[in-house]
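Structural description and commentary
Chain by chain, the residues:
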Amino acid sequence: MKTFTPKPNDLTHEWYVIDATDVVLGRLATTAANLLRGKNKPTFAPHADGGNHVIIINAEKIALSGNKLGKNLYMHSGFPGGLRADSYGELLEKNPERMIKAAVKGMLPKNRLAKVQLSRLRIFKGAEHPHTPQKPVEYEIKQISQQAK
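Residues numbered from 1 in each chain as written. Predicted model: local features only at pLDDT ≥ 70, side-chain atom pairs only at ≥ 80, totals over all residues. Heavy atoms only, no water.

**Points about the nonpolar core**
- Judged by nonpolar contacts, the single largest core of 30 residues is most densely connected at Leu-28, Ile-56, Ile-100 and Val-104.
- Contributing elements (two or more residues each) for this core: strand S1 (15–19), helix H1 (25–37), strand S2 (53–57), helix H2 (88–94), helix H3 (96–107), helix H4 (112–118) and strand S5 (121–123).
- Ranked by the residues each element gives to this core, the list is headed by H1, at seven residues.
- With residues up to four places along the chain from it excluded, the contact list for Leu-28 reads Ile-18, Ala-20, Val-23, Ile-56, Ile-62, Ile-100 and Ile-141. (Core = buried A, V, L, I, M, F, W, Y, C linked by side-chain atoms within 4.5 Å. Buried < 20%, exposed > 50% of the residue type's maximum accessible area, 1.4 Å probe, protein only. Helix = DSSP H or I, 4+ residues; strand = E, 2+ residues; numbered from the N terminus. Contact = heavy atoms within 4.5 Å.)

And the structure:
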C-alpha cells in the first residue's frame, strides 16, 4: 500500500469558531494550532498546507492557570533594543489578542508554513466577528478552566 500524499486540489480550508470564555490559554492555543495545521483531517501531511481558518471570539474572557497574571510575556520586535516585557494582567486588559497570538505562534512548527498558517488565525475581543458569510462551524473545547466551577 502506498502512502497518501495530498495534492493541492485535495486540500480544503474549513472555517471554525472557538469561544474562549473561561478556557485556559494553553489549551486554547494547542487546539487552535492543531486546527490551523489541519491535524484534525485524515489527509494531514506535515509538508502540505491543509490547515483551516480559526476565529477566536471573547478573547478578553480567557482564563490563565497558575500565577501568570503577575508574570511577564517577552516579545522582540526584531530591531535593536526592541525587547518588550508586558505582564499578562496588562495584556488581558489592553490587548488579549496579542497574548493569544503569541501562544499559538509558539505552538506552530518553526518553518515556512507557520507564517501562512498563522495568517489564518483571527482573534476578536467581543462575541461578534465579520466572518459570518463563510459559515464557520462552532468548535467546542470540552475542558474549561477549573476556576470557573
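The structure having been displayed, the exposition proceeds.
**Digging into the side chain of Arg-120**
- With respect to the helices, strands and loops of the structure, Arg-120 is situated in the loop between H4 and S5.
- Those residues in contact with Arg-120 that sit more than four places away from it in its chain are His-13, Leu-36, Asp-49, Gly-51, Asn-52, His-53 and Val-54.

**Observations regarding unusual backbone geometry**
- We note that Asn-58 has phi near 55 degrees; this positive angle belongs to a residue other than glycine.
- For Asn-58, a relative accessible area of 7% corresponds to the buried category.

**Observations concerning the pairing of S1**
- Most of S1 sits inside the fold, with four of its five residues counted as buried.
- In this structure, S1 lies alongside S2, joined through five bridges in parallel fashion. For Val-17, the partnering residue across the bridge sits in S2 and is Ile-55.
- Looking at chain direction, S1 and strand S6 (residues 137–139) are connected through three bridges and run parallel. (Pairing = 2+ DSSP bridges.)

**Regarding H3**
- Counted at 1.5 Å a residue, the expected span for H3 with its twelve residues is 16 Å, and the 17 Å between its end C-alpha atoms agrees.
- Among the residues of H3, those classed as buried are Pro-96, Arg-98, Met-99, Ile-100, Ala-103 and Val-104. (Expected span 1.5 Å × (residues − 1).)

**Some details on the side chain of His-131**
- Here His-131 lies in the loop between S5 and S6.
- Discounting chain neighbours no more than four positions away, the residues touching His-131 are Trp-15, Ile-55, Arg-122, Phe-124 and Pro-136.

**Thoughts on the sheet that holds S6**
- In space, the four strands of this open sheet follow the order S5-S2-S1-S6, with parallel pairing throughout. Pairing within the sheet leaves two strands with one partner each, and these edge strands are S5 and S6. Strand-to-strand, the axes of this sheet are offset by a mean angle of 25 degrees, without reference to chain direction.
- Here H3 sits on the sheet and contacts S2 and S5; the angle it forms with S5, its principal contact strand, is near 155 degrees. (Axes fitted to C-alpha atoms, helices over the stretch in contact; angles between N-to-C directions.)

**Observations regarding the environment of Tyr-139**
- Locating Tyr-139 in the fold gives a position in strand S6.
- The partly exposed category is assigned to Tyr-139, whose relative accessible area is 30%.
- Through-space distance from the C-alpha of Tyr-139 to that of Arg-122 is 14 Å; in sequence the pair is 17 residues apart.
- With sequence-adjacent residues up to four places away left out, Tyr-139 is seen in contact with Tyr-16, Val-17, Ile-18, Thr-31 and Leu-35.

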